[in-house]
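Chain and residue survey
The residues making up each chain are set out below.
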Amino acid sequence: MTRHFLNLSNAGGDAIAAMIADAIDRKAARAGWPKGKADADAPLAGHTLAMIFEKSSTRTRVSFDMAIRQLGGTSIVMDGGSMQLGRGETLADTARVLSRMVDAIMIRTDDHAKIEEMAHYATVPVINGLTDLSHPCQIMADLLTVIEHGVALPGSEWAWLGDGNNVLHSVIEAAGLMKFNVRFGVPQGYEPDPRFAVEAEKLGAKITLSRDAQAVAKGADVVVTDTWISMGQEHVHNKLAAMMPYQVTEDLMALAKPDAKFLHCLPAHRGEEVVDAVIDGPQSLIWDEAENRLHAQKSVLLWALGKL
Ligand code: CP
Ligand code: NVA
């Protein structure tokens with residue numbers, strides 16, 4: 001069966017653990033090498049990844065492009081608007097055509113139903129580079145980052161503050177698969193889709209909503225936030241005001257465990273969801289987290305192409 005990576009549950013906990021272990025090994029094996037040089041085993045030599053962007057991207061675009069190069073393959077990067085897709089060719093037809101020419105497809109789009117449609121018609125793996133619903137590739141990098149910094153995932157306490165968005169959905173999904181707990185503080189009206197918490201709780205994770213940012217941060221191992229206004233959303237003044245009590249400040253970080261880690265998928269809106277003193281502070285892992293997009297995406301590609 002074609003291995004699509006639309007959400008973390010497509011892989012499952014064991015495969016996620018295997019991908020993280022592979023990423024740690026590959027990262028160590030090429031330490032200090034020029035970034036464009038292929039890994040010694042070049043496991044995806046001869047393979048081509050097509051990428052479609054219907055939304056802006058820096059990290060996802062560059063990490064996947066460098067990932068496929070380091071694995072020995074090549075990439076084609078396309079903006080949706082300059083493809084026939086942008087003139088109305090269907091995703092189904094696009095998927096069928098690309099499947100005849102490339103080995104895997106990564107797409108960043110809005111409606112998650114679009115990526116599901118693409119996966120339905122593609123005969124090569126389709127990877128979710130972010131939809132309005134989820135961002136599983138980001139969370140692969142986040143898991144890798146906190147593990148590298150000594151967090152044991154099972155039983156760890158994660159605190160999410162801010163918007164109940166696509167990134168939170170994937171954090172909650174990961175909690176069920178990797179056995180950690182998530183407390184999230186979001187304002188009324190900005191809650192995440194409850195389906196993710198239902199599934200995570202079935203797998204034994206504790207997923208808790210609180211309106212009290214301090215209670216959310218208290219005793220956390222990992223504190224996470226993201227932009228209050230995601231791509232494609234209206235810049236609503238009311239939303240910013242509602243989010244303000246959930247801003248990650250030094251006072252809030254002080255309530256977490258003394259060695260708590262701070263994550264942000266970036267791009268950040270400093271002074272909105274997080275203050276400079278936290279995002280640039282000693283507990284922030286954001287640059288490792290950004291770099292780990294590359295290492296994690298390599299393992300996602302290897303898993304999707306049946307090499308892991
Ligand atoms: N974190 C993330 O997905 O960044 P980009 O939007 O730059 O790809
Ligand atoms: N929630 C953000 C993540 C950006 C990487 C968005 O969807 O815009």
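Let me begin by describing the structure that accompanies this report. Keep in mind that this is a model prediction, so the values were computed, not measured.

Okay, the overall build of the protein chain next. Within the protein chain, the secondary structure is distributed over twelve helices and nine strands. On C-alpha atoms alone, the protein chain measures out to a radius of gyration of 19 Å, which is about the 19 Å that the 2.2 N^0.38 rule sets for 308 residues. Structurally, the protein chain occupies a C-alpha span of about 55 × 45 × 35 Å along its principal axes. By sequence separation, contacts in the protein chain at least 24 residues apart represent 74% of the contacts at least 6 residues apart. Summing over all exposed atoms, the protein chain offers an accessible surface of approximately 12,800 Å²; the carbon and sulfur share of this is 53%. Separation between the mean location of the 29 positive side-chain charges and that of the 39 negative ones in the protein chain comes to 5 Å.

Spatial strand order, β2-β1-β3-β4: four strands in an open sheet with parallel pairing. Edge positions in the open sheet fall to β2 (74–79) and β4 (126–128), since each of these has one partner strand only. Geometrically, the sheet is characterised by an average inter-axis angle of 20° between neighbouring strands, direction not taken into account. Bridging between strand β1 (residues 48–53) and strand β3 (residues 104–108) involves five bridges; their strand directions are parallel. Within β3, the position partnered with Met51 by the bridge is Met106. Packing of helix α2 (residues 59–70) onto the sheet brings it into contact with β1, β2, β3 and β4, and relative to β1 it is tilted by some 175°. Together, β1, β3 and β4 form the strand contacts of helix α4 (residues 112–121), whose direction differs from that of β4 by roughly 165°.

All right, on to the site of ligand 1 then. Lining the immediate environment of ligand 1, one finds Ser57, Thr58, Arg59, Thr60, Arg108, His135, Gln138, Cys265, Leu266 and Arg293. In the environment of ligand 1, an oxygen atom lies 2.7 Å from a nitrogen or oxygen atom belonging to the backbone of Thr58. Protein contacts shield 96% of the accessible area of ligand 1, which totals 250 Å² for the unbound molecule.

So, on to the pairing of strand β7 (residues 207–210). As defined by bridge partners, strand β6 (residues 181–185) adjoins β7 across four bridges and the pair is classed as parallel. Its bridge partner lying in β7, Arg183 is registered against Thr208. Between the parallel pair β6 and β7, the chain is carried across by helix α7 (residues 194–202), and the sense of this crossover is right-handed.

Before going further, it helps to examine the nonpolar core. Residues Phe5, Ile16, Leu143, Trp158 and Phe180 are the most contacted members of the largest nonpolar core, which totals 62 residues. Contact partners of Ile16, with chain neighbours within four places excluded, come to Leu8, Ala11, Met140, Leu143, Leu177 and Met178. If you look at the next biggest cluster of nonpolar residues, it comprises 19 residues, including Val216, Ala256, Phe262 and Ile279.

Time to look at the packing of helix α6 (residues 166–178) against α7. For the pair α6 and α7, the least separation of the axes is 7 Å and the interaxial angle reads 10°. Accordingly, the angle class assigned to the pair α6 and α7 is roughly parallel. Where α6 crosses over α7, the handedness of that crossing is left-handed. Side by side, α6 and α7 meet where His169, Ile172, Glu173 and Gly176 of the first sit next to Phe196, Ala197 and Ala200 of the second. For the contact of α6 with α7, the per-class residue count stands at four nonpolar, two polar and one charged.

With that settled, the discussion passes to the site of ligand 2. Residues in close proximity to ligand 2 include Leu130, Asn165, Asn166, Asp226, Thr227, Ser230, Met231 and Leu266, which together make up its full environment. Within the side chain of Asn165, one N or O atom sits 3.3 Å away from a nitrogen atom of ligand 2. In this structure, Ser230 approaches ligand 2 through a side-chain N or O atom, which is 2.7 Å from a nitrogen atom. Relative to its free-state accessible area of 270 Å², ligand 2 is covered by the protein chains to the extent of 94%. Considering only residue class, the shell around ligand 2 consists of three nonpolar, four polar and one charged.

What follows deals with the pattern of salt bridges. Going through the model one piece at a time under the given rule, you end up with 20 salt bridges. One salt bridge connects Lys27 with Glu148, and the closest N-O pair in it is separated by 2.7 Å. Here Lys27 is found in helix α1 (residues 13–29), whereas its partner Glu148 is found in helix α5 (residues 136–148), with 121 residues between them in sequence. Residue classification places Lys27 among the buried residues on the basis of a relative accessible area of 19%. A relative accessible area of 33% means that Glu148 is categorised as partly exposed. When the shortest N-O distance is used, the salt bridge between Lys202 and Glu199 registers 3.0 Å. Placement of the pair is Lys202 and Glu199 together in helix α7, with a separation of three residues, close to one helical turn. Linked through salt bridges whose partners overlap, the residues forming this network are Asp22, Arg26, Arg30, Asp39, Asp41 and Lys298.

Each value, and the rule that gives it
- Residues numbered from 1 in each chain as written.
- Chains lettered and ligands numbered in written order.
- Predicted model: local features only at pLDDT ≥ 70, side-chain atom pairs only at ≥ 80, totals over all residues.
- Heavy atoms only, no water.
- Helix = DSSP H or I, 4+ residues; strand = E, 2+ residues; numbered from the N terminus.
- Rg over C-alpha atoms; globule rule 2.2 N^0.38 Å.
- Contact = heavy atoms within 4.5 Å.
- Areas by Shrake-Rupley, 256 points an atom, 1.4 Å probe, with all protein chains shown as cover.
- Lys, Arg positive; Asp, Glu negative; His and termini not counted.
- Charge placed at Lys NZ, Arg CZ, Asp CG, Glu CD.
- Pairing = 2+ DSSP bridges.
- Axes fitted to C-alpha atoms, helices over the stretch in contact; angles between N-to-C directions.
- Near = heavy atom within 4 Å.
- Polar contact = N/O pair within 3.5 Å; in protein donor to acceptor, adjacent residues only side chain to side chain.
- Right-handed = clockwise from strand over helix to strand, strands pointing away.
- Core = buried A, V, L, I, M, F, W, Y, C linked by side-chain atoms within 4.5 Å.
- Buried < 20%, exposed > 50% of the residue type's maximum accessible area, 1.4 Å probe, protein only.
- Parallel < 35°, antiparallel > 145°, perpendicular 65-115°, else oblique.
- Left-handed = near helix turned anticlockwise from the far one by under 90°.
- Nonpolar A, V, L, I, M, F, W, Y, C, P; charged D, E, K, R; others polar.
- Salt bridge = Lys/Arg side-chain N within 4 Å of Asp/Glu carboxyl O.

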